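# Architecture at a glance
Each chain is listed here by its residues.
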Amino acid sequence: MRILVVEDNAALADGISSALTRMEMAVDVVGDGTEADNILRTQEFNLVVMDLNLPGYDGLEILKRYRQNGGKAQVLILTARDTLNDRVKGLDLGADDYLTKPFDLVELEARVRALLRRQSGLKSPEITIGELIFDSVARRVTLLGEPLDLPRREFCLLELLISRAGHVVSKEQIADSLANFDQDISPNAVELYVSRLRKRLTTANISIKTVRGLGYLMEK
């Protein structure tokens, strides 16, 4: 899952980024509202975590422009503004949830998990396919009843494929999901991560098929 954090408080942004990275997310951070608006016009994310008081465009203006341009990511607003009018305005503009500062990172993590489940249309945090169980809340993978430890990008790849099991996922979608601002993911790198994941899942009674010219398909 790819997340954009829009927060001009560097210490808070770093804390949020570290917490989400520990959840096996690909996280990008930006501290300026105008820059965030430009990024959201050209790149896709699963979730945006955004402060309201920003240099350049403020959070509500970014949100308004993002939804007007067809942006579909879940948006979690962080704000010190705790009035009913502010919350209503944000929700009316397309925010999916609000978190009032100060907050505990454990609450942020819980809200992020809930929003990502909502985006995936999952009622249960657990997905079972073959002998594999993927728990999106605990961020845990179990294979044949035993924990399966995966490097972050292989974990993110598995999350993407298993959430769309039975459907083809393109190399471009995989690259976008695994990448962040600091490092692009090449088609060759996607093939490498898929190959490594296949080897780890050989006993799972599931397969990752290559659909030539289209992408990859996970199925039992």
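Model, not experiment: these values are computed from the prediction.

### A few points about the pattern of salt bridges
Under the criterion given, the structure shown has 13 salt bridges. When the shortest N-O distance is used, the salt bridge between Asp51 and Lys101 registers 3.1 Å. Within this pair, whereas Asp51 is found in strand S3 (residues 47–51), its partner Lys101 is found in the loop between strand S5 (97–100) and helix H5 (105–120), the two being separated by 50 residues in sequence. For Asp51, a relative accessible area of 4% gives the class buried. Residue Lys101 is classed as partly exposed on the basis of its relative accessible area, which comes to 23%. Ionic pairing is found between Asp97 and Arg111, a salt bridge with its closest N-O pair at 2.9 Å. Note that Asp97 is positioned in strand S5 and Arg111 in helix H5, a separation of 14 residues in sequence. Taking the relative accessible area as the measure of exposure, Asp97 reaches 18% and is therefore buried.

### Some points on the packing of helix H2 (residues 33–42) against helix H3 (residues 59–68)
The contact between H2 and H3 brings their axes to 10 Å, and the two run at 15°. As the angle between them shows, H2 and H3 are arranged roughly parallel. Pair H2 / H3 crosses with right-handed handedness. Counted together, Gly33, Ala36, Asp37, Leu40 and Arg41 of H2 and Ile62, Arg65 and Tyr66 of H3 form the full contact between these two elements.

### Details of the environment of Arg22
Position of Arg22 relative to the elements: it lies in helix H1 (residues 10–22). The spatial distance from the C-alpha of Arg22 to the C-alpha of Asp86 is 31 Å, given a sequence separation of 64 residues.

Reading the values: the criteria
Residues numbered from 1 in each chain as written. Predicted model: local features only at pLDDT ≥ 70, side-chain atom pairs only at ≥ 80, totals over all residues. Heavy atoms only, no water. Salt bridge = Lys/Arg side-chain N within 4 Å of Asp/Glu carboxyl O. Helix = DSSP H or I, 4+ residues; strand = E, 2+ residues; numbered from the N terminus. Buried < 20%, exposed > 50% of the residue type's maximum accessible area, 1.4 Å probe, protein only. Axes fitted to C-alpha atoms, helices over the stretch in contact; angles between N-to-C directions. Parallel < 35°, antiparallel > 145°, perpendicular 65-115°, else oblique. Left-handed = near helix turned anticlockwise from the far one by under 90°. Contact = heavy atoms within 4.5 Å.

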